[in-house]
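As a plain string of letters, each chain reads:
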Amino acid sequence: NDVHNDVPKSVDHDQVFLGRSHWVSLLCEVLPRALLAELGLAKILLGSSGGGQFMVLLPEESRPDADSLLTAAANEIQHLSNGVLRLIWSSTENLGDWSDIRKRLSEALDRTQHAPGFSPDTEVPMPDADSYFGQVLGWNLREATTVGWSPTSPGMVLLGSGKHNWQLGRDESNPDNLPFARQTALDDDGTKPASGAVLAARSSGMPTWGVLRGDVDNFDIRIRRAHSIDEHLQFSVMFKQFFAGELEVQCSLPEYFRKVTVIFSGGDDFAVMGSWDALLGLAGEMERVFHRFAAQNLKDFAGLEAKTITLALALAPSPDASLGAVFEEAGRRMEAAKSVANDSFWLLGRTLEWKQFSEASSLRDLLLRMITEFGCSPQYLQDLCGIYRETQSRVSRRQARRAGGERPWRYHRRLGRILAAARPDASATRGRGDYQKARTALIADLIGRSAVTVKLRPAGRVALEWARLSARLSAKDDARAIGY
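Residues numbered from 1 in each chain as written. Predicted model: local features only at pLDDT ≥ 70, side-chain atom pairs only at ≥ 80, totals over all residues. Heavy atoms only, no water.

## Some thoughts on the environment of Glu329
Moving on, step 1. As for its position among the elements, Glu329 is in helix 9 (residues 323–340).
Moving on, step 2. A relative accessible area of 15% places Glu329 in the buried class.
Moving on, step 3. Distance in space between the C-alpha atoms of Glu329 and Arg213 is 9.9 Å, their sequence separation being 116 residues. (Helix = DSSP H or I, 4+ residues; strand = E, 2+ residues; numbered from the N terminus. Buried < 20%, exposed > 50% of the residue type's maximum accessible area, 1.4 Å probe, protein only.)

In structure tokens, the structure reads:
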């Protein structure tokens, strides 16, 4: 959470946020490689890297030098992050089963993590951190072909300079390349990254932008169940390369490249900012390709751990909202979705299973069809939302029954009145049969098809908000509508 009250107003805080995200992503790729290079050790000793952690195999005699280098890097990392970020590490002998080795490493990391840290020495002169993050890593990194590291600045990722350098970009023929997704949507002039306001203006429908975050369900459990170090490394590398590669490919497609910017791709998660409509499409694609990836690569492993993914989309409350604030909101919503059910999507105030997301998409098309094809007033979407709000406000089962929980015809009657009022020419004979079919299907999708009880479907609520955004209906007059 990057908040700097003393930063000049000319600093683009969102760009600094992106630069810090790129810094954290690349640190865990650069540091272990720099460590091996500085100690004169073979590259093959690099186990896994990226996603906030790394693992290397070192000779016992190299441990003091490694500790010295990592300590220097940790000091600079704390200075650059104003004490927010800490680099911690542990080491143990490569003896015994992998489960025992992993347990010793984890316990040592736990002790270090909960040990008291230190406050950065403000008297130590540091480079202009916000300029470094905002300009160097937030903008110049987009065109960089190499990143480097230097012992004089061990906590920084350098571009095109440094004692040691590595190529950026996934390359199957060169395993030394650093996989890194860095798609950035540009402004209309192509001279700087597109701001949230620009991305909002490029939306189809309501001019709004947001942040999409995704996280693999129970990935840590899958890693802990690895029977050998080879299996551990296989999972780590495979998932990291999947997210970096798929985000780079998906976000470069014509429907996304001007509307989305990658915030980061990690070992089991990712985050993207962009126009709300593009993020919805990207969410569906990432879910589809991930499930195909998991089905292909984890088919021989029992259990659902690391085979499903949960996503959350948080919309900015205004075009000029802080990227950091929206990013955090998306994280909270994603955790809330996981507490309800894995393999789900938090969207527009509801947690949906992926099947329900597809239903919401189809229902949204039907809702818009009522406007575009049958001449219904867009205002009817607001009226339909009112039914959901009124139902949510009734906490008593007796009140719910009195309101029609046991009498679904009351909902049918009210929905019918709303749709009839929304279409002044409802009595016209032209297209009347198709309209009646569409209206019947719409009512059934919203409240279910039971003849005894009514249960307003969460997919219907999401579809209504989705349709409102598509129809450019503002929720300012109805603050309870979406709840984000």
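Moving on from the coordinates now.
## A few points about the nonpolar core
Moving on, step 1. One finds Phe239, Phe345, Leu367 and Tyr380 to be the most contacted residues of the largest nonpolar core, which totals 73 residues.
Moving on, step 2. Considering every element that reaches this core, the biggest residue donor is helix 8 (residues 276–297), with 11 residues.
Moving on, step 3. Every residue in contact with Leu367, bar those within four places of it in the chain, is listed here: Tyr380, Leu381, Leu384, Leu442, Ala463, Leu464 and Ala467.
Moving on, step 4. Grouped together as the second largest cluster of nonpolar side chains are 31 residues, Ala34, Leu35, Leu137 and Val147 included. (Core = buried A, V, L, I, M, F, W, Y, C linked by side-chain atoms within 4.5 Å. Contact = heavy atoms within 4.5 Å.)

## Brief notes about the sheet that holds strand 7 (residues 260–265)
Moving on, step 1. Spatially, 7-8-6-9-10-11 is the arrangement adopted by the six strands of the open sheet, whose pairing is mixed. Sheet topology places strand 7 and strand 11 (350–353) at the edges, where each strand pairs with a single neighbour. Sheet twist, expressed as the mean angle between neighbouring strand axes with direction ignored, is 15 degrees.
Moving on, step 2. As defined by bridge partners, strand 9 (residues 309–315) adjoins strand 10 (residues 344–347) across three bridges and the pair is classed as parallel. Across the sheet, residue Leu313 finds its bridge partner in strand 10, namely Leu347.
Moving on, step 3. Along the sheet, helix 9 contacts strand 6 (209–216), strand 7, strand 8 (269–275), strand 9, strand 10 and strand 11; its crossing angle with strand 6, the most-contacted strand, is approximately 40 degrees.
Moving on, step 4. Each of strand 9, strand 10 and strand 11 is contacted by helix 10 (residues 354–372), which is oriented at about 105 degrees to strand 11, the strand it contacts most. (Pairing = 2+ DSSP bridges. Axes fitted to C-alpha atoms, helices over the stretch in contact; angles between N-to-C directions.)

## A look at the sheet that holds strand 5 (residues 164–167)
Moving on, step 1. Spatial strand order, 4-3-5: three strands in an open sheet with antiparallel pairing. Every other strand in the sheet has two partners, leaving strand 4 (153–159) and strand 5 as the edge strands with one partner each. Averaged over all neighbouring strand pairs, the angle between strand axes comes to 25 degrees, with direction disregarded.
Moving on, step 2. Pairing between strand 3 (residues 146–150) and strand 5: four bridges, direction antiparallel. Within the sheet, the bridge partner assigned to Gly148 lies in strand 5 and is Asn165.
Moving on, step 3. Contacting strand 3 and strand 4, helix 2 (residues 63–80) crosses the sheet at an angle of about 70 degrees to strand 4.

## Things to note about the pattern of salt bridges
Moving on, step 1. Taken as a whole and judged by the stated rule, the model has 20 salt bridges.
Moving on, step 2. Ionic pairing is found between Arg63 and Glu60, a salt bridge with its closest N-O pair at 3.2 Å.
Moving on, step 3. Here Arg63 falls in the partly exposed class, since its relative accessible area comes to 24%.
Moving on, step 4. We classify Glu60 as partly exposed; its relative accessible area is 49%.
Moving on, step 5. Among the salt bridges present, the one from Glu465 reaches Arg468, with a minimum N-O distance of 3.2 Å. Placement of the pair is Glu465 and Arg468 together in helix 15 (residues 458–470), with a separation of three residues, close to one helical turn.
Moving on, step 6. The exposure class of Glu465 is buried, given its relative accessible area of 0%.
Moving on, step 7. Overlapping salt bridges bring together Glu29, Arg33 and Lys240 as one network. (Salt bridge = Lys/Arg side-chain N within 4 Å of Asp/Glu carboxyl O.)

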